[in-house]
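Chains, contacts and geometry: an overview
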Amino acid sequence: MKFFLSTFFSLFLTPFFAQTFSVTGYVYQENQVAIKGARITVVGQRIGAFSQADGSYKIDQLPAGTKVLRCVFDGMQADTFEIVGQSSDVVHHFYLKERTQSVEQVKVMVGKFDKPIEEQTVTMVVLKPELIENKNTRSIETALDQTPGLNILDGEPQIRGGSGFTFGVGSKVAVIVDDMPMLSGDAGRPEWGFIPVENISQVEVTKGAASVLSGSSALSGSIHIRTAYPKAKPLTKVQVYSGFYSQPSDSRMSWNQQYSGIHGVNFLHTRRIGNLDVVMGGNLNQDHGYIGPPKTDSIVATVFPDTISNFTEKDMVSKRARINFNLRYRSAKIKGLSYGVNGNFMKMHTAMPLAWLNDSSGLYRAYPGAVFLQNQFIFNVDPFLHYLTENKGKHYLRSRLLKVDNDMSAHQSNKAMTFYGDYMYQKKLTDWKQIEMVSGVTGTYTKSEASIYAGSGSPNNDILNLSIYTQLESKWNERLNLSAGGRFEYFQLNDSITATKPIFRAGSTYQIHKGTYLRASYGQGFRFPTITERYIKTGVGNFGVFPNPNLKPESSWNAEIGVKQGIKIGNLLGYLDVAGFWQEYQNTIEYMFGIWHELTSVQSMGSSAGFMFLNTGNSRVTGLDVSYAGKAQTSKKSEITFLLGYNYIVPKTLSPNFVYATDSLNRIFTYQSTSMDPSKGILKYRFLHNIKLDAEHSWNKKYAFGVSAKYFSKMVNMDAIIKDFEQITVDNELLQDLKYMDYFNAHRFGNWIFDARLSFNFSEQHKLAVIGSNIFNRTYSLRPLKIEAPRTIMLQYTYRLEGK
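Bear in mind the structure is a predicted one, so any value in this text is a computation, not a measurement.

The next thing to look at is the overall build of the chain. Regarding its fold elements, the chain presents nine helices and 47 strands. A total of 804 residues make up the chain; the buried ones form 57% of that total. For the chain, long-range pairs separated by at least 24 residues make up 66% of all intrachain contacts whose partners lie at least 6 apart in sequence. Of the side chains in the chain, 85 bear a positive and 69 a negative charge, and the two mean positions are spaced by 7 Å.

Structure below.
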């Protein structure tokens, strides 16, 4: 009888008398200022609360037992609190600190799931704003080029050798700012100068196919740039810089008559006004440039009376003015609701040289007909709405209007308007195994107007991209992380050409030991050709660019296995990351030179000979990716931070005899016939070995000295037509010689490039720095017919004022 009574009470009455407790308290900053809108959650459970206007919070009806509470708020370091075996009410106050850099280069939260970098199932490198500021970054690609495994080649991002050289058109790397794409809608070209470098909180570089969450352009990886919202204290920051280009190491190459100066100013102001977050920033920049105007000989000037070559030194000077704002209102009536609008406006004049004058004294001058002047006006306006609930998930609605107007010389002008919208929903689905979901739908519509895109039959073209995506992540036993996702893409070009493609990814991370994480992943990518790649049709000077309406989409898949190892030796703390990867591409798109129409005279070269985008077959890139990042405390008042990386790739063709084109001279185009060195099957325009290093030693928070180094191994293979075209210009007296091969043969070795910087903080408000790039003034080239910048020396003054 006692047994039945005890069972009855245990099964039916215990739930009514089970002990529960509540947790109450306040969320403060260190200076006792209340924080509204901080999120307090019970780790592993769908229970939580948001702090109120006075900072107070309350979580009711917690079952008795051990619990871990976590408090997070934008711009602040998360804090946790453990309640052990509790059954009575608890009072606990959270004191949040502003985020600072500690292990910092690697101890960060990343990705759409906002998880620690060591739990990511893909290889990822994170750049913090200190590196961007310390290198006097005037355009974000100069800082990105310091990332291991990522090269910015003449404005074109390349990750792990995933692409060759296409003058920046049709990027195979997605560039995303605050979850919004930053590639031009018609050409798929990154607009680097448009990105607000003065207000970057973090840059995340994902390596390998990342199309599921990053969109169709992420064929070989993605670059996510996150800007910062105001912290508790108002911030005003102004940077003024001035410097110059050194003369080339060979005095015969000097060309400028004016001072080759670089001058500019960055400014930023952020503050909270009640529930309104306000960010204002901008940049003014003038750059004399290091490439001079073309020199046209008298014979060529008579045969090709091309006015685009009659540029002056003043015409080649680049000027840029940009202003941006972010406004976000955090609703006082609806908990978790915020909405606002971001905007960015830029006007710029720049020169776009495509080839040097010659390979001796003319390295730093442009070739006639191979340089354009561009006046660009570009702006975006981005309304958004976010609704974060305690138990019913998070809703993100983002939209964008992007307008690009390029007024260019030689009738190369083009305009494009892009409309973008994305709805994303994020939710923890169940307590069991902590499954989290991200799902969404995205739409992009671009309308282009340009006579150079008349290869479609009309200067007016439009392209539509619709997609749906989802990804699930789950954590098992606090050690194993699993993720899987998919995306379905739909494209429509000019109401006539359509394409659909499902793509998938999966990955896992397992914590073998404290500080040791093993990961494996598989992902697919898909990229639809841009309007430019299909329909560009133009001729300038000695060569043209020709349309290919039958260009096919390219796709890829990437598999990798890696390990991230935390290393602590005395005061040295960091992460070593090693990954082996295998990536294959189908229908690879490359930029090829040929005689596409009958060549009847020298004067008709611009309408007969030139470049065309072609599907060149299948390829594979395998390799090893190693990086080491962290910091070392050398004394109580000094420390060293560092980021070191090495990337080795084996990029090979899988279809060396595939015939992908025949030109007007009946020449067969295959990898074998178009390569300068096809003996090893190495793809064109790749560096097999690549090393990146950045390190900075600071003392007493006043003095700092930093160095950067980059190594590019020799380029093994490139287009054979470069040699043939040089011979054509040499043999024909009506063509101005375009030489490259002597330089190429004399520089068949790798290049080491070194930068250095020295700074002094007079106080918390004032900082002075001297920054040198290419400090040994090395003359070097990373792609055919284009010389890189000589040494630059910059003086930078920073004024920083934090309010109360």
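After presenting the structure, the write-up continues.
This part covers the pattern of salt bridges. By the definition in use, this model includes 31 salt bridges. We note a salt bridge from Asp154 to Lys786, for which the minimum N-O separation is 2.7 Å. In this pair, Asp154 sits in the loop between strand 12 (150-153) and strand 13 (156-159) while Lys786 sits in strand 46 (residues 786-787), placing the two residues 632 residues apart along the sequence. Among the residues examined, Lys786 registers a relative accessible area of 11% and is labelled buried. Lys172 is the partner of Glu554 in a salt bridge, and the nearest nitrogen-oxygen pair spans 3.3 Å. Here Glu554 is found in strand 33 (residues 554-569), whereas its partner Lys172 is found in the loop between strand 13 and strand 14 (173-177), with 382 residues between them in sequence. Among the ionic contacts, a cluster of salt bridges with common partners joins Arg160, Lys207, Arg519, Glu560, Lys564, Asp577 and Asp625.

Time to look at the pairing of strand 32 (residues 543-546). On strand 32, burial covers both faces: Phe543 and Val545 on one face and Gly544 and Phe546 on the other are all buried. Two elements, strand 32 and strand 36 (residues 609-615), share three bridges in a ladder whose sense is parallel. Looking across to strand 36, one finds that Val545 is bridged to Phe611.

We now examine the side chain of Asn406. Among the structural elements, Asn406 can be located in strand 24 (residues 394-408). According to the relative accessible area criterion, Asn406 is buried, its value standing at 6%. At a separation of 3.0 Å, a polar atom in the side chain of Asn406 contacts the side chain of Gln376.

Ordered by their spatial adjacency, five strands build an open sheet running 11-16-17-14-15, and the pairing between neighbours is mixed. Across the chains shown, the open sheet's two edge strands, defined by having one partner strand only, are strand 11 (123-127) and strand 15 (180-181). Inspection of the sheet shows strand 14 paired to strand 15 by two bridges, in the antiparallel sense. By the bridge assignment, Ile176 is partnered in strand 15 with Pro181.

It is worth spelling out a nonpolar patch on the surface at this point. Side chains of Ile334, Tyr339, Leu385, Tyr387, Leu397, Tyr423, Val441, Ile468 and Phe488 sit close together on the surface and give an oily, nonpolar patch of about 770 Å² of accessible area. Taking relative accessible area as the criterion, Tyr339 reaches 36% and is therefore assigned partly exposed.

On to the side chain of Lys767. Tracing the backbone through its elements, the reader meets Lys767 in strand 44 (residues 766-773). Residue classification places Lys767 among the buried positions, given a relative accessible area of 14%. Filtering out sequence-adjacent residues up to four positions away, Lys767 remains in contact with Glu133, Asn134, Ser759, Phe760, Asn761, Gln796, Tyr797 and Thr798.

Going through the model one piece at a time under the given rule, you end up with 28 aromatic pairs. Ring centres 5.0 Å apart and planes at 40 degrees place the aromatic pair Tyr711 and Trp752 in the tilted group. With a gap of 41 residues between them, Tyr711 in strand 42 (residues 703-712) and Trp752 in strand 43 (residues 751-761) connect regions that are remote in the sequence. The class for Trp752 is partly exposed, based on a relative accessible area of 40%.

This part takes up helix 8 (residues 721-731). Along helix 8, the positions that sit buried rather than exposed are Ile721, Ile722, Phe725, Glu726 and Thr729. Down the axis of helix 8, the buried set is contained in an arc of 140 degrees. They therefore lie on one face. Packing partners of the buried residues in helix 8 comprise strand 35 (589-595) and helix 9 (741-746).

Bringing the pairing of strand 13 into the picture now. Alternating positions in strand 13 separate into two faces, Glu156 and Gln158 on one and Pro157 and Ile159 on the other, with burial throughout. By the bridge criterion, four bridges tie strand 12 to strand 13 in an arrangement that is antiparallel. If you follow Leu150 over to strand 13, its bridge partner there is Ile159. The antiparallel pairing of strand 12 with strand 13 creates a hairpin that spans two residues between the two strands, and Asp154 there sits at a positive phi of about 55 degrees.

Right, let's talk about the environment of Asp54 for a bit. In this fold, Asp54 is placed in the loop between strand 3 (48-50) and strand 4 (56-63). Accessibility expressed as a relative area gives 43% for Asp54, which makes it partly exposed. Sequence separation of Asp54 and Tyr28 is 26 residues, and the distance between their C-alpha atoms is 9.2 Å. If sequence neighbours within four positions are ignored, Asp54 has contacts with Tyr26 and Ala34. A distance of 2.7 Å separates a polar atom in the side chain of Asp54 from a polar atom in the side chain of Ser56.

What follows is about unusual backbone geometry. A positive phi angle, near 55 degrees, is found at Asn700, a position not held by glycine. Here Asn700 is to be found in the loop between strand 41 (689-699) and strand 42.

What follows deals with the nonpolar core. One finds Tyr453, Tyr740 and Ile787 to be the most contacted residues of the largest nonpolar core, which totals 71 residues. A total of four residues in this core trace back to one element, the largest contributor, which is strand 35. Every residue in contact with Ile787, bar those within four places of it in the chain, is listed here: Tyr290, Ile291, Trp356, Leu363, Tyr364, Tyr743, Thr779, Tyr780 and Ser781. Residues Leu131, Ala143, Val177 and Ile223 belong to the second largest nonpolar core, which totals 31 residues.

Definitions and cut-offs
- As a convention, each chain's residues are numbered from 1 in the sequence order in which they are written.
- With the structure being a predicted model, the display of local features is reserved for residues of pLDDT at least 70 and the display and counting of side-chain atom pairs for 80 or more, all residues being used for whole-chain, interface and lining totals.
- Calculation of side-chain values draws on the structure's entire complement of heavy atoms; hydrogens and water are dropped beforehand.
- Think of it this way: any DSSP run of H or I at least four residues long counts as a helix, any run of E at least two long counts as a strand, and we number them from the N terminus.
- Partly exposed describes any residue whose relative accessible area lies between the buried limit of under 20% and the exposed limit of over 50%, with all areas from a 1.4 Å probe on protein chains only and scaled to the type maximum.
- The criterion used for residue contact is that any of the two residues' heavy atoms lie within 4.5 Å.
- Two residue types count as positive, namely Lys and Arg, and two as negative, namely Asp and Glu; His and chain ends fall outside the count.
- Here the site of a charge means NZ on Lys, CZ on Arg, CG on Asp, or CD on Glu.
- Salt-bridge detection follows one rule: a side-chain nitrogen of Lys or Arg within 4 Å of a carboxyl oxygen of Asp or Glu.
- A pair of strands is labelled paired if DSSP reports no fewer than 2 bridges between them.
- As used in this structure description, the phrase polar contact means that two N or O atoms lie within 3.5 Å; if the pair is within protein, one of them must be able to donate a hydrogen and the other to accept it, and residues adjacent in sequence are counted only when both atoms belong to side chains.
- Candidates for patches are residues over 30% relative accessible area with no salt bridge; among them, like charges are joined within 9 Å and nonpolar side chains (Val, Leu, Ile, Met, Phe, Trp, Tyr) within 5 Å.
- The Shrake-Rupley method, run with a 1.4 Å probe, gives the accessible areas here. Residue values count only the displayed protein chains as cover.
- Each pair of aromatic rings taken from Phe, Tyr and Trp, with Trp reduced to its six-membered ring, is defined by centres within 6.5 Å and is described as stacked if the planes are under 30 degrees apart, edge-to-face if over 60, and tilted in the remaining cases.
- For this quantity, the arc is that covered by the directions from the helix axis to the C-beta atoms.
- Side-chain atoms within 4.5 Å are what join buried Ala, Val, Leu, Ile, Met, Phe, Trp, Tyr and Cys residues into a set we call a nonpolar core.

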